[in-house]
Number of protein chains: 4
Amino acid sequence: MLLKKIKSEGLAHLSYIIGSEGQAAVVDPRRDCQIYLDLAQENNMDIFFILETHRNEDYVSGSRELQAMTGAKVLHGDLDFNYGERVWDGQEIRLGMLTLRAIETPGHTPESMCYSVVDNEAGPEVVAVFTGDTLLVGEAGRTDLFGPDRREILSSLQYDSLFDRLLPLGDGVIILPAHGAGSSCGNNIGSREYSTIGLERMQNHALMVGGKEEFIDLKLGEVLEKPPYFEQMERLNLEGAPLIGSLPRAFPVPSKEAWAMIETMVLLDLRSPSAYASSHIPGAISLPMDILPNYGGWVIPYGPPIILILDRSSQLDTAIRTLVRIGYDNIAGYISGGMESWHKAALPTSSFEALSIRELLERPDHGHLFYLDIRAEKEWRVGHANGARHIFVGHLEDRIDETPVDRETVILCSSGTRGSLAASLLEKHGRAPINLLGGMAGWKEAGLPIDRFSR
Amino acid sequence: MLLKKIKSEGLAHLSYIIGSEGQAAVVDPRRDCQIYLDLAQENNMDIFFILETHRNEDYVSGSRELQAMTGAKVLHGDLDFNYGERVWDGQEIRLGMLTLRAIETPGHTPESMCYSVVDNEAGPEVVAVFTGDTLLVGEAGRTDLFGPDRREILSSLQYDSLFDRLLPLGDGVIILPAHGAGSSCGNNIGSREYSTIGLERMQNHALMVGGKEEFIDLKLGEVLEKPPYFEQMERLNLEGAPLIGSLPRAFPVPSKEAWAMIETMVLLDLRSPSAYASSHIPGAISLPMDILPNYGGWVIPYGPPIILILDRSSQLDTAIRTLVRIGYDNIAGYISGGMESWHKAALPTSSFEALSIRELLERPDHGHLFYLDIRAEKEWRVGHANGARHIFVGHLEDRIDETPVDRETVILCSSGTRGSLAASLLEKHGRAPINLLGGMAGWKEAGLPIDRFSR
Amino acid sequence: MLLKKIKSEGLAHLSYIIGSEGQAAVVDPRRDCQIYLDLAQENNMDIFFILETHRNEDYVSGSRELQAMTGAKVLHGDLDFNYGERVWDGQEIRLGMLTLRAIETPGHTPESMCYSVVDNEAGPEVVAVFTGDTLLVGEAGRTDLFGPDRREILSSLQYDSLFDRLLPLGDGVIILPAHGAGSSCGNNIGSREYSTIGLERMQNHALMVGGKEEFIDLKLGEVLEKPPYFEQMERLNLEGAPLIGSLPRAFPVPSKEAWAMIETMVLLDLRSPSAYASSHIPGAISLPMDILPNYGGWVIPYGPPIILILDRSSQLDTAIRTLVRIGYDNIAGYISGGMESWHKAALPTSSFEALSIRELLERPDHGHLFYLDIRAEKEWRVGHANGARHIFVGHLEDRIDETPVDRETVILCSSGTRGSLAASLLEKHGRAPINLLGGMAGWKEAGLPIDRFSR
Amino acid sequence: MLLKKIKSEGLAHLSYIIGSEGQAAVVDPRRDCQIYLDLAQENNMDIFFILETHRNEDYVSGSRELQAMTGAKVLHGDLDFNYGERVWDGQEIRLGMLTLRAIETPGHTPESMCYSVVDNEAGPEVVAVFTGDTLLVGEAGRTDLFGPDRREILSSLQYDSLFDRLLPLGDGVIILPAHGAGSSCGNNIGSREYSTIGLERMQNHALMVGGKEEFIDLKLGEVLEKPPYFEQMERLNLEGAPLIGSLPRAFPVPSKEAWAMIETMVLLDLRSPSAYASSHIPGAISLPMDILPNYGGWVIPYGPPIILILDRSSQLDTAIRTLVRIGYDNIAGYISGGMESWHKAALPTSSFEALSIRELLERPDHGHLFYLDIRAEKEWRVGHANGARHIFVGHLEDRIDETPVDRETVILCSSGTRGSLAASLLEKHGRAPINLLGGMAGWKEAGLPIDRFSR
């Protein structure tokens, strides 16, 4: 029996290949799907089925791509997909000694499906269940994606899915969710990557409620950001994303050529916050590699060609994969020779300050600066710098008028990484940012005052 | 939280690295242990502890090696080890947000320990348990390694360990055993690599017994081979194996040089059964790569230098690792240029027939040949060729007198791989072997008669 | 300055990437051309030109493929190519600090071109020259490919190309030929991979002639085989081969399925000669990996789907690359689980003897067997087994009537590898082959008699 | 025949493995010498000889290390080495079909040897020559390493070595030098990696002199820096460097632990100039990866433990190799989590400005700053910023008093990389540096005035 989890970092997206005796299925494939073929071949298997737990909203599904490569059948829940086939509650899929059984579990989306796994070699009991975004480690998937009007009914349905369909499978059943910690698909996903129905029953706050009403209240009380690119993903995943065949190639672009075309392109600077602050191309969006998967979709427009600014060319492959996974296929190239070449070409640059907490405190005027916390609402609520304002980085451009033009703005995030993105956006709108390196971690370590729940 | 399983193929040995917030432990490390350092570094962790679940008998422990590399503390159960420290029942080991707790679980060995894991980020409940060879997927570890006298008491202790110490941890707890399917440490380990206490309670035949007596009867009824090299492993793991620093280097040996020294060396031919049958160096032991880990220890003497015969030099690294893991450090080299060079040098060779079932049946005398099944006792019992004799390959040289010198012997195993080893041993003792390619699988597929439980 | 040689093993095809200051050219690319893109990117270069030294006949040119990937301009000599542009004698191509200059050098083919390289950083002198198949290490390219009628005139032209165009470049100039030892494009190419005009002047037998007439006589006297697939290559390279985009994918085919379709497919067995002899699928062509590139084109028909039989799945990538390079794009798959699965499925197999020279001599009837040398004419002429007949393996099926049906045939090649191919062909035509492992090398080593120049 | 060049980037050190028919030699091995074993094995060869062209001064020789691994014989010229054997002029070394012949070529060092190569398969002529630092592409090795007193005599000897021993080998002979462009062992080594005696005769300024006197004048006129670590290398290479076995392991060090020990350690910051300028640990030496090999030896003291600051942990392997090659074996570890962890720990940091040329010119006071060119003397002479002062970065700490304490210093190098090192040294001595990103390349591109040959 083969069972492997394939994790896409950043999005914390988890896909799986499962199989037995030469027959395999892939659950929720990502778009760069050579890896599934490699694993199938290594294990001497053919991929016969592609199972979707739901129309994913945070990444482009690789189902059509993998289907084109393998001829496998795509199965998904009850929605008007332009590809694949509908799977029915109770429908069984046989893979060698394994039986997978589809379970309708509406809630996170109306057509969400789970798939239980019976290992006939061991016995007739369910041993594992692919839970999609219905049940995550420490969390249940968010129910707010279809707007406030449908939120209550979806929460109610999710309660039934969890309590009537999944929990009865038994405490010993291993859960195989579609997302891990760091994903936008759940409020507070645990960092442990392994769990069971039994553990979740005892440790998952969404399963420890007093009843359906308490559950619905819990879900209605969740404060979650919905990145604007989710709509693009939902549309693509319904219609079927364009086939890419293999990863797009990005070519080196000489600095002067890039400069000449700068108005028509989007520049993404993937270097570290320190390097960006010190010197960058005016207008380039700062998206350090770590936050590209989760924050790219907030700020990169779909359409115009993308030019990358890298620390080293070995980053290119990861950058392209990450962008393609969230639907940015139009990658024109990368600055040839990086910023060193740009500097040698004597082209324009910008810079702003990036300070550690110690350096900030040494500034005599540090008490008179504008402090802006750009983390998500739920992080802000847990505790924030005394006296700071809050605008989530994903909303920053829409609410730019709330930031001062006449004094410097100290940006606070957890570590300084998202702060770099925020600083690049502020600068673009004529503000004077200071990025606090080390972010709130440094703030706390330095013993500075923290507020809670205020605004 | 980091939790990774490191599987050594063949031995089906499972080791683990577990950690949190920069602090890691390795459970039951193998001897070529660079991989643990790589994983620790990738996850930005330091290895502080090395936990042994018991004095392993089927491979050389890497604990001393890894200790030398990292300075980590080695912990093990109550036995006179020449290295490391004793851990006590209930003793806690803290790794960042994790708490590991030692549990005395005698049975497989008198000093066996398990280690439960609490993920303090999620709650105070045990989430997983390192079960060593006490509880395996679908099986409990064998209890016969300390001789018939101690078998009953160890089985009784194991019952208590399983029912009083492990099962009460709860159905949802994930089990992390030290061996998987194919290992000699349990009778009938399942091929699924993931399980929980709950699943084992329902599917593990050793846990589905009516009480302690039934359990003891079950264990006393197990028929298991004990490879002779186990004693070497036990000794080494008690005293602490020699440090190797890095993998031994093997050098190419020209054919004629090898021929000149052939009396003082052990030749291991790692090529496929077909290739071996067709032409091999007289006296070379046939150990196709797949069976080297599990059968090497039955037939390779400790002491004399080993010369390898490979299909291609890319096999070398795997071959060396495999040998070192079972304590064969004295690898002198490999035949430079392989069998092609040997043939070009016009040196002596031998051959015997390797037939598919179809070819065998086409031989007019196939009804008059001697049929020898060399599989393990338990495989033989499940079903064997009508009219065949049984001698397990590991006992073949001791019982060589039971095989005929005056007629050809058709060797039966499951696929023809172990058959190649048996054939090489028969040939060495002057017999005329025929290896049946496809083994019992082909036999059954051809619709030939099968007996059960007779001899 | 970048200059890298990319060698395709087997065909001994040498291609090059050369560049300076961000601008690169590729000379004679192969069809699986991702490697040129990787090298260009690593060196921060763009590929602007693709230079062909001639319409290659032994492999499918990657020029169109690479052009599709990069937009580079393809340049070649004076022939009606369906793609690219003609380059003129004396035409200069500028790459950063380098100047490449085209030189018309008809002979090997009528439109052959060489390209000299000036490194303007160092001085105005030519430093190297891409010599295509005009000048090889120790040899000049064959001139017989356009038939006996044009052989003399091409030889004459080649003399002029060598003596009037290349030698005058100067002794210190480094030569960069399109093929190395083992290629079918020259008679006797040296095994050293580096040379200069000066060294060739002193060591290359084709350049040490007394004058044009002697040179022509030398060329007319060459005895070279022309593989039938050369015509397919010539046609493809004129028309432009189909674009492949990326390497074709091959899928695992279960043994029984393969057996059901066996009539409509070509089976290629890539295992070692020993393994093949011992047991193989009836009708499968034996093409051990080493000889696939050079002998595949002699015996594999274009058109029908190809099924591979491998030793291990890691061979797959190399096998596919090799086949695609010589125009076999229709690779249906490989036997899932290899011969072990075939044997377990109890499907038909064949076998024949493969003997070392010692074993052969031990056969009492060894003096009465039919001995067949299947090496190339020129190898045969250098020395062969006393009493043997000669039929080159590439002509064996056409001349099958010259082999006996009523007694066994001992096949002689240099090592036993091509012998395996010959044996598989003989068996297909109802003969009884014995493959001599170690071939003529073992024959000589055993001190057996050698004849020269007789037939 | 095998001939492979192994290049160690940065030092531009070239070593070689050469062999034939199973027998290989390595010329001038580096200290991390697993690569030679890998190449030998891939080519089915054993290393029998290690040839040193001279007691290298810019890196630690791997001869003893490789000898310990292989048992090969080390050969070198006439000096009191503590290991290996002396080779004599004319002595021949046989490797399969190759003959290597030792040639005494004093000059760069008194005991320099070259080794010519005859390929007996092709003919009796010399085909290539390992030239050590006697003859480089476009240059002859420096002759000033033994002080001003011996410079003239060594130059004279080198003239004889070049003109009487190497040039007579013939124009067609390929040269295989020990260093390439960027090395400190020659004044002006060409960037082309391939050359011949003939090309050098025509293009190498040292070989185009009018006679011995002109040659000596040329050599006496060379202005070259001698890094202080050369003496350490010379000593180690005479005595034999300590064996390392395998690369040292570096462990992650938590920020606070590092801070506690900071006084007793050397901190090397390997990040980019931009990242360093923006925020760094006070006292850390800036050595961006690119300049670590060539500039590390100028500024890192031998003895104290080294702690690295990395951009990403994948840099670690390269960093350790680089340091070990120049004799820094005492690598204690690297800051766990990098600068992000440091910032989160709220520990002290420093920063200074790093400006592009455009940003510099926008500063109203840019005409009043102190401009300091820290490039090598010979770069300075070719052209420098009007009004700048010159102190080579390697001498900066010795001449720190020549830099102002009361105003900012703009540092000029070629690109801004060495400038970062200089800036870190200035800061350490209480100065206020500004690193000019893009360096003199940007300066020129911006059309700013250049002076020559003044100071």
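Just above sits the structure.
For clarity, every value in this text was computed on a predicted model and none was experimentally measured.

Reading guide: rules and limits
Residues numbered from 1 in each chain as written. Chains lettered and ligands numbered in written order. Predicted model: local features only at pLDDT ≥ 70, side-chain atom pairs only at ≥ 80, totals over all residues. Heavy atoms only, no water. Helix = DSSP H or I, 4+ residues; strand = E, 2+ residues; numbered from the N terminus. Rg over C-alpha atoms; globule rule 2.2 N^0.38 Å. Contact = heavy atoms within 4.5 Å. Areas by Shrake-Rupley, 256 points an atom, 1.4 Å probe, with all protein chains shown as cover. Least-squares fit on C-alpha atoms with pLDDT ≥ 70 in both. Buried < 20%, exposed > 50% of the residue type's maximum accessible area, 1.4 Å probe, protein only. Pairing = 2+ DSSP bridges. Right-handed = clockwise from strand over helix to strand, strands pointing away. Buried area = accessible area lost by both parts, 1.4 Å probe. Salt bridge = Lys/Arg side-chain N within 4 Å of Asp/Glu carboxyl O. Nonpolar A, V, L, I, M, F, W, Y, C, P; charged D, E, K, R; others polar.

Colleague: Would you mind going over the overall build of chain A with me for this structure?
Modeller: Each helix and strand counted, chain A has 15 helices and 26 strands in total. Computed over the C-alpha atoms, the radius of gyration of chain A is 23 Å, within 12% of the 23 Å expected from 2.2 N^0.38 for a compact globule of 455 residues. Its C-alpha atoms give chain A principal-axis dimensions of roughly 70 × 50 × 35 Å. Considering only residue pairs separated by 6 or more positions, chain A has 69% of its internal contacts joining residues 24 or more positions apart. Working note: accessible area of chain A is about 15,600 Å², and carbon and sulfur atoms make up 48% of it.

Colleague: How should I be thinking about the relation of the copies chain C and chain A in this particular structure?
Modeller: Two chain copies here: they are related by a rotation about an axis and a translation along the same axis. Placing chain C over chain A gives an RMSD of 0.0 Å and needs a rotation angle of 180°, together with 0.0 Å of translation along the axis. Such a combination of rotation and displacement between the chain copies is what one expects of a two-fold axis. Take the interface residues of chain C: 100% of them recur as interface residues in chain A, which is what a same-surface contact looks like.

Colleague: Just checking my understanding: could you explain the pairing of strand 3 (residues 23-27) of chain A for this structure?
Modeller: On a regular strand, one side chain projects to one face of the sheet and the next to the other, so that they alternate. All names here are of chain A. For strand 3, a buried count of four out of five residues is recorded, marking the element as mostly surrounded by other parts of the structure. Strand direction decides the pairing type here: strand 2 (residues 13-20) and strand 3, joined by five bridges, are antiparallel. Looking across to strand 3, one finds that S20 is bridged to Q23. Alignment of strand 3 against strand 4 (residues 46-51), held across five bridges, turns out to be parallel. Its bridge partner being in strand 4, V26 is matched across the sheet by I50. A crossover links strand 3 with its parallel partner strand 4, the connecting element being helix 1 (residues 34-42), and its sense is right-handed.

Colleague: Would you take a moment to explain the environment of S356(D) for this structure?
Modeller: If you trace the backbone, S356(D) turns up in strand 20 (residues 353-356). Assessed through its relative accessible area of 1%, S356(D) is described here as buried. Each C-alpha atom, one on S356(D) and one on C413(D), is 13 Å from the other, the two residues being 57 residues apart in sequence. Those residues in contact with S356(D) that lie beyond four places of it in its chain are H343(A), L347(A), T349(A), L436(D) and L437(D).

Colleague: Any chance you could explain the interface of chain A and chain D here in plain terms?
Modeller: Accessible area lost during the coming together of the parts is what is often quoted as the interface size. On the side of chain D, 34 residues touch chain A, which itself brings 34 residues to the contact. Around 2,500 Å² of area is buried between chain A and chain D when both sides are counted, 50% of it from carbon and sulfur atoms. At the boundary of chain A and chain D, one finds two salt bridges. In this structure, E445(D) engages K256(A) in a salt bridge whose closest nitrogen and oxygen atoms are separated by 2.2 Å. For the side of chain A that touches chain D, the elements supplying multiple residues, two or more each, are helix 8 (273-278), helix 11 (338-344), strand 20 (353-356), helix 12 (357-362) and helix 15 (439-445) of chain A. For the side of chain A that touches chain D, the leading source of residues is helix 8 of chain A, giving four residues. Looking at the side of chain A that touches chain D residue by residue, the class counts come to 11 nonpolar, 14 polar and nine charged.

Colleague: What is the right way to look at the relation of the copies chain A and chain D in this model?
Modeller: Superposing chain A onto chain D takes a rotation of 180° plus a shift of 0.0 Å along the axis, which leaves an RMSD of 0.0 Å. Taken together, the interface assignments show that 100% of the residues at the interface of chain A recur at the interface of chain D, consistent with an identical surface on both copies.

Nothing here speaks to function; it is geometry throughout.
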